[in-house]
Amino acid sequence: MSSSSHFVRERLVVVGNGMAGMRTVDELLKLDPARYDIVVFGAEPHVNYDRIALSSVLAGEKNVDDIVINSREWYAEHNITLHTGDPVVAIDLAAHTVTSKSGVTVGYNRLLIATGSKPIVPPIPGLNLPGVCAFRDLKDVDTMIDAAAHYRRAVVIGGGLLGLEAAWGLKRRGMEVAVVHLMPTLMERQLDESAGKLLQRDLTERGISFFTNGQTEMVTGTDRVTGIKLADGREAPADLVVVAIGIRPETELARKAGLEVNRGIVVGDDLSTSDPDVYAVGECCEHRGAVVGLVAPIWDMAKVCAHHLAGGGTLIYQAQATATRLKITGIDVYSAGQLAAGEDEDEIILRDARRGAYRKLVMRGGQVVGTVLYGNVTDGEWYFDLIRKKTDVGDISDRMILGKAATQGGVAPAFDLNAMADDAQVCGCNGVCKGTIVSTINAKKLTTYDEVKSHTKASASCGSCSTLVREILAATLGVEVAKPEIPKVCKCTGCTHEEVRAAIIERKLKTQDAVREAMGWMTKDGCASCRPALNYYLLCAWPGEYIDDSRSRFVNERVHANIQKDGTYSVLPRMWGGTTNAVELAAIATVASKYGAPEIKVTGGQRLGIYGVKKQDLPAVWAELGEAGLVSGHAYGKALRTVKTCVGREWCRFGTQDSTTLGKELEKMTWGNWTPHKFKMAVSGCPRNCAESSIKDLGVICVDAGFELMVGGNGGIELRGTDKLCTVATEEEVLEYAAAFMQLYREEARYLDRTAPYVERVGIDYIRAKIVDDTENRKALQARFLYAQTFLQDDPWAERATQGVDAHEFAKLASPQEALN
Amino acid sequence: MSVTTLNWVQICKLDDILPLRARVIPAAKGEIAIFRCSDDSVFALRNRCPHKQGHLSEGIVHGHRVACPLHGWVIDLESGEAVAPDNGCTPRLPVKVEDGVIWLGNDVAAG
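Engineer: Can you walk me through the overall build of chain A in this structure?
Structural biologist: Assigned secondary structure in chain A consists of 26 helices and 37 strands. The principal-axis extent of the C-alpha atoms belonging to chain A is close to 105 × 75 × 65 Å. Looking at chain A residue by residue over its 821 residues, the buried ones come to 53%. Look at the contacts in chain A between residues 6 or more apart in sequence, and 62% of them connect residues 24 or more apart. Within the structure as shown, chain A displays about 35,600 Å² of accessible surface, and the carbon and sulfur contribution to it stands at 50%. Each charge sign in chain A was given a centre, from 94 positive and 105 negative side chains, and these centres are 3 Å apart.

Engineer: Would you take a moment to explain the packing of helix α11 (residues 434-444) of chain A against helix α12 (residues 449-456) of chain A for this structure?
Structural biologist: Axes are the key here: two packed helices are described by the angle between their axes and the distance separating the axes. Residues and elements named next belong to chain A. Taken N-terminus to C-terminus, the directions of α11 and α12 make an angle of 110°; their axes are 10 Å apart at the nearest point. For the element pair α11 / α12, the angle class is roughly perpendicular. As for the relative orientation of α11 and α12, their crossing is right-handed in sense. Counting all contacts with α11, which are made through I437, T440, I441 and K444, the residues of α12 involved are V452, H455 and T456.

Engineer: Please explain the sheet that holds strand β7 (residues 74-76) of chain B as it appears in this structure.
Structural biologist: Backbone-to-backbone hydrogen bonds pair the strands of a sheet. The strands run either parallel or antiparallel. Residue and element names in this part refer to chain B. Taken together, the three strands give an open sheet; going across it, the order is β5-β6-β7, and neighbouring strands pair in antiparallel fashion. On the outer flanks of this sheet lie β5 (60-62) and β7, each paired with one strand and no other. Here the strands of the sheet are splayed against their neighbours by 25° on average, with no regard to which way each runs. Sheet topology places strand β6 (residues 65-67) next to β7; three bridges connect them, and they run antiparallel. Across the sheet, the residue bridging to A67 is V74, located in β7.

Engineer: Any chance you could explain the pairing of strand β5 (residues 97-100) of chain A here in plain terms?
Structural biologist: Sheet faces and side chains relate simply in a regular strand, where the side chains alternate between the two faces. All names here are of chain A. Only one face of β5 is covered, namely the one carrying V98 and S100; the face carrying T97 and T99 has none of its residues buried. Counting the residues in the hairpin turn of strand β4 (residues 88-92) and β5 gives four residues, including H96, whose phi is positive at 60°. As judged from the three bridges shared by β5 and strand β6 (residues 105-107), these two strands associate in the antiparallel manner. Within the sheet, the bridge partner assigned to V98 lies in β6 and is V106. Two successive antiparallel strands, β5 and β6, enclose a turn made up of four residues, where G103 displays a positive phi of approximately 100°.

Engineer: Which parts of the structure should I look at to understand α11 of chain A?
Structural biologist: Every α-helix winds through 3.6 residues per turn, so residues three or four apart in the chain are directed the same way. For α11 of chain A, the set of buried residues is K434, G435, I437, V438, T440 and I441 of chain A. A positive phi of about 55° marks K445 of chain A, the residue just after α11 of chain A.

Engineer: Just checking my understanding: could you explain the interface of chain B and chain A for this structure?
Structural biologist: Size of an interface, as often reported, equals the accessible area lost when the parts are brought together. Listed as interface residues are 36 residues of chain B and, on the opposing side, 33 residues of chain A. Buried surface at the junction of chain B and chain A, both sides included, amounts to about 2,800 Å², of which 57% is carbon and sulfur. Among the residues chain B hides against chain A, the three largest losses belong to R23, E58 and I60 of chain B. Together they make up 24% of the total. The tally of links from chain B across to chain A stands at three salt bridges. Where chain B packs against chain A, one counts 15 residue pairs in polar contact (both at pLDDT 80 or more). Those elements that place two or more of their residues in the side of chain B that touches chain A are β1 (3-13), β2 (21-25), β5 and β10 (101-110) of chain B. When residues in the side of chain B that touches chain A are grouped by element, the largest group, five residues, is from β1 of chain B.

Engineer: Can you walk me through the domain arrangement of chain A in this structure?
Structural biologist: Residue and element names in this part refer to chain A. When its domains are assigned, chain A resolves into domain 1 (8-116 + 249-309), domain 2 (132-245), domain 3 (497-553), domain 4 (556-634) and domain 5 (640-792). Between the C-alpha centres of domain 3 and domain 5 the distance comes to 27 Å. At the interface, 13 residues of domain 3 touch 13 residues of domain 5. The contact between domain 3 and domain 5 buries some 1,100 Å² in all, and 60% of this surface belongs to carbon and sulfur atoms. Where domain 3 packs against domain 5, one counts two salt bridges.

Engineer: Explain helix α24 (residues 775-792) of chain A to me, please; I cannot follow it from the model alone.
Structural biologist: Residue and element names in this part refer to chain A. If you check α24, its first and last C-alpha atoms are 26 Å apart, about what 18 residues at 1.5 Å a residue would give, namely 26 Å. Burial in α24 covers these residues: R778, L781, Q782, F785, A788, Q789 and L792. One side of α24 holds all its buried residues, which, seen down the axis, span an arc of 130°. Turned more than 90 degrees away from the buried face of α24, the exposed residues are E776 and T790. Packed against the buried residues of α24 are α20 (659-670), α21 (731-748) and α23 (764-771).

Engineer: Please explain the side chain of H308 of chain A as it appears in this structure.
Structural biologist: Residues and elements named next belong to chain A. Examined against the element boundaries, H308 turns out to sit in helix α8 (residues 295-309). Reaching out from H308, the side chain makes a polar contact with the backbone oxygen of L315 at a distance of 2.6 Å. Among residues more than four places away in sequence, those in contact with H308 are R110, D270, Y279, G313, T314 and L315.

Engineer: Teacher, can you tell me more about the sheet that holds β5 of chain A here?
Structural biologist: Residue and element names in this part refer to chain A. The antiparallel open sheet is built from three strands, whose spatial order is β4-β5-β6. At either end of the open sheet lies a strand with only one pairing partner, and these are β4 and β6. Strand-to-strand twist in this sheet, taken as the mean axis angle between neighbours without regard to direction, amounts to 20°. In this structure, β4 lies alongside β5, joined through four bridges in antiparallel fashion. Considered in β5, the bridge of V88 is made with S100.

Engineer: When you look at the pattern of salt bridges in this model, what are you seeing that I'm missing?
Structural biologist: A pair can form between side chains of opposite charge whenever their charged atoms are brought close. Residue and element names in this part refer to chain A. Inspection of every chain in the model, using the stated rule, returns 52 salt bridges over all chains. Its salt-bridge partner being R11, residue D37 comes within 3.1 Å of it at the nearest N-O pair. Taken as a pair, D37 in strand β2 (residues 36-41) and R11 in strand β1 (residues 10-15) lie far apart in primary sequence, 26 residues in all. The class for R11 is partly exposed, based on a relative accessible area of 28%. Linking D202 and R201 is a salt bridge whose minimum nitrogen-to-oxygen distance equals 3.3 Å.

Engineer: Looking at this model, I keep getting lost on unusual backbone geometry. Mind explaining?
Structural biologist: Residues apart from glycine generally show negative phi values, whereas peptide bonds are mostly found in trans. Residue and element names in this part refer to chain A. Positive phi outside glycine occurs at K508, with the angle close to 50°. Examined against the element boundaries, K508 turns out to sit in the loop between α14 (497-506) and α15 (512-518). Look at K508 and you get exposed, because its relative accessible area is 57%. Look at L752: it is not a glycine, yet its phi comes out positive at around 75°.

Engineer: Before we go on, may I ask you to explain the packing of aromatic side chains in this structure?
Structural biologist: In this description, a pair of aromatic rings is defined by centroid distance and the angle of the planes. Residue and element names in this part refer to chain A. All told, the structure shown has 11 aromatic pairs over all chains when counted by the stated rule. For the pair W382 and Y383, a centre-to-centre distance of 5.3 Å together with 40° between the ring planes defines the contact as tilted. Pair check on accessibility: W382 and Y383 agree, each one buried. Aromatic side chains F679 and F741 sit 6.3 Å apart centroid to centroid with 50° between the ring planes, which places their arrangement in the tilted category.

Engineer: Quick question: what am I supposed to make of the state of the cysteines here?
Structural biologist: A covalent bond bridging the sulfur atoms of two cysteines is what the word disulfide describes. Residue and element names in this part refer to chain A. One pass over the structure, following the stated rule, counts zero disulfides over all chains. A disulfide-free cysteine, C492 has its sulfur positioned 3.6 Å from the sulfur of C490, the nearest such atom. Here C702 stays free of any disulfide, with the sulfur of C646 as its closest cysteine sulfur at 6.9 Å.

Engineer: I tried to follow the side chain of D549 of chain A on my own but got confused; where do I start?
Structural biologist: Residue and element names in this part refer to chain A. Looking at where D549 falls in the secondary structure, it is placed in the loop between α16 (530-541) and α17 (555-559). Residue class for D549 comes out buried when judged on its relative accessible area of 16%. Side chain to side chain, D549 and S552 meet in a polar contact 2.7 Å long. Among residues more than four places away in sequence, those in contact with D549 are Q512 and N535.

Engineer: Teacher, can you tell me more about the environment of G289 of chain A here?
Structural biologist: As for its position among the elements, G289 of chain A is in the loop between β20 (285-287) and β21 (290-291). Considering only alpha carbons, one finds G289 of chain A and I701 of chain A, 412 residues apart in sequence, at a separation of 76 Å.

Rules behind the numbers
Residues take numbers from 1 onward in each chain, read along the sequence in its written order. Throughout, the order in which chains and ligands are written sets their labels, letters from A for the former and numbers from 1 for the latter. Local features are withheld for residues below a pLDDT of 70 in this predicted model, meaning they are given only at 70 or higher, and side-chain atom pairs are given and counted only at 80 or more; totals for whole chains, interfaces and linings count all residues. The basis for every side-chain value is the complete set of non-hydrogen atoms in the structure, without hydrogens or water. Counting from the N terminus, the helices are DSSP H or I runs at least four residues long and the strands are E runs at least two residues long. Relative accessibility decides the category of a residue: with a 1.4 Å probe and only protein chains considered, values under 20% of the type maximum give buried, values over 50% give exposed, and everything between is partly exposed. We call two residues contacting when some pair of their heavy atoms lies within 4.5 Å. Using a 1.4 Å probe, accessible areas were evaluated by the Shrake-Rupley method; residue-level cover was limited to the displayed protein chains. Positive residues here are Lys and Arg, negative ones are Asp and Glu, while His and the chain termini are left out of the count. Here the site of a charge means atom NZ of a Lys, CZ of an Arg, CG of an Asp or CD of a Glu. Angles here are taken between N-to-C directions and fall from 0 to 180 degrees, while the axes themselves are lines fitted to C-alpha atoms, restricted in helices to the stretch in contact. These descriptions rest on fixed angle ranges, namely under 35 degrees for roughly parallel, over 145 for roughly antiparallel, 65 to 115 for roughly perpendicular, and the rest for oblique. In this scheme, a crossing is called left-handed if the near helix is turned counterclockwise away from the far one by less than a right angle; it is called right-handed if the turn is clockwise. Note: two strands are recorded as paired if DSSP finds a minimum of 2 bridges between them. Buried area: the accessible surface (1.4 Å probe) lost by two parts on joining, summed over both. Criterion for a salt bridge: a side-chain nitrogen of Lys or Arg within 4 Å of a carboxyl oxygen of Asp or Glu. We call two N or O atoms a polar contact when they sit within 3.5 Å, provided that within protein one can donate a hydrogen and the other can accept it, with sequence-adjacent residues counted only if both atoms are side-chain atoms. Bear in mind that the domain bounds are from an automatic or database domain assignment. An expected span of 1.5 Å times one less than the residue number is assigned to each helix. Working definition: the arc comes from the directions between the helix axis and the C-beta atoms, pointing outward to the latter. Think of it this way: a Phe, Tyr or Trp ring, Trp meaning its six-membered ring, pairs with another when their centres are within 6.5 Å, and the plane angle makes it stacked under 30 degrees, edge-to-face over 60, tilted otherwise. The disulfide criterion used throughout: a pair of cysteine sulfur atoms within 2.5 Å.

Listed below in structure tokens is the structure:
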């Protein structure tokens, strides 16, 4: 502590524990940590959290812990006295005291009011019914999440930024959502008519319905809300009504205290109110006739206010142009400055209907004064920078609508750190410039994105500039950019594979329709990308319960044979561990000859493939092979393929273990199993590795002391050697670890990811932790694997050859009486 | 110019085709694939993808579209056109469903 702790410190009381107030305190602590004894009162029972991120919590993308800005430890660490759930109810300017609801009275030397804003409540009947809420704080989000779990239909009143984020979040949580909006187009304060209509079209495609030009007359219901009625007679049923038509400054306390209040609490350029000892920041205040609702100007206010609280007297607050971005997954909207041209101004507009993209620049003289972007918003920050700096763009004005890259003569260049000005803004939410990020990285020796985020606050709010922050970090350190983008399942949805898999389990979704409904799919049947993925995820999550949908499988898995380029099929029976016998060989020879298969080939997986079989002959071929004891080799599937082996110590002078028998046992345990992508194994009898274990999904290399287990190898497209998982002593352990690894991969990999990218993504240490270090978890994984196998080890060929499964699949329709052309 | 007339030929029952699947029928100008969508609408196209002649009947049906099993081209069943960015067209044939029976319009050269 500094020596000032020996003196009696001045007291700063902060009314409001939200983003504006705490940001000011944070800035103040940076300037002069010992100056004040700080006391904070907050109406909500929580610590300070990121209110902008509430829509992400509602949409299920973040949880409450993720959005905490200042933990209780932070308050304690800085000796801040925090009263949560206890709003200030009176300020006595003359006595310099505040009194809270619970009766606490505290004196102050300086007072900071940061009471924020409150939702505008329209004068309509029925708003006091259960099932009606605003979208302002965590309590509202709780109400909405709870309603989504128990009810079906939601109406959101208000088609602005907040209303649409609420609607999307509720849709993501599985509700049927309708939005009522007073104006003809959505978000009319931030978007022009064209972009507003594109937005409505895209949201309609995502299953949200709209009542535009809709004035809500009343909310209906007796014990709970049942719907709404519009003035023009339209009605919509609802189990939840969210009112999000706007906010107004929370000024009641200041007004009662006698401070000058207009629309907001009136503040000067130094953020002081009509009483020189009282300051106000954030949405509650009014500066030069304007109130604010976005985060960037509030951060500016915090900085200026902290400067004055710390005794500075020079900084002044100036309102800046602001930019808006909508936080709805997969819908990119950006606007800044003026939305439309006035007198002596022009608009440049680019439409790309096919891509659903739109961009507009509003020009005055040689300067950009506004932009509206829809679809591709990557140039938003660049345009915003030109707007804020009033840059003369005369030279490039004919090309600039095409984006920054087009003005630099050619294709989009790789990120060039030096080309970006130090004062170019990177994070619009937190007002962080490139220069600040670079100097912080260098000064604090930061090496990870998370560190940069927490030190500079860049990308810490809405997160939309995270890619740029990563690029700046990488360029500053001189390394490659780490690619953070988590892939979505397909274009039918904004959900990631992980989100879908988690929801299937947590929300007990057991059919594809249930998943598509609950997760807000934009298509009824899905598409050729998501259907096989969902089919696999459900099959993996609910063994024995989910019925495999053959119509959601690629042709090879549906007909249990590989389609060849001429439309014929290949048939590959299983040869356990690469071994066969005279009876099997005779049967293969017989069917190949009988059904005119032109080729038999030894495959890379140590077995024989019969090529050129006609689809309608498949059941008969399988029946004859089945009589000789041959079963499907699943050579066509995202499934266990083969277990390649060498001859081992039975025959080989170097062999240390019986690799062939172990390979057969592994294959007997795992055959029939469906996996995110194909799964290949091998067992080599010695480190010479003749079975190529080191490029398999799971490879075993026998050594004198036991068995080395290797995982995540791949001999295809991108060659990758295995990582060593561990060494085990017995064959029984090999089987146990193999089952556990396969199940971990089944449960966690994205559909169509081989083990190689999966292992690279999670890291071998993670897999060791789950399988080697955690015996209980390993055994649980093994148990789940073996349980699933009890449903999967039916030979699909036998079912189709002799039990009539999918008979329609293999028969052509009978020819009609009249010959068709 | 040759004149053609349309003969409606009875093909099969609607229920002979599973929803979201297709079946094929031989024809002089090449196999015809008959698709049944989840909304029970029915479409008939030559069973070959404009790209590499893949059997469309083996593809995954979704909405009013089918994805070719060979290289994933998506064909719009209503128009026979490949969905952008791909470009190509598979001939469509007239088809109708009446009382649960599927009829195909057979072009017959007349006179």
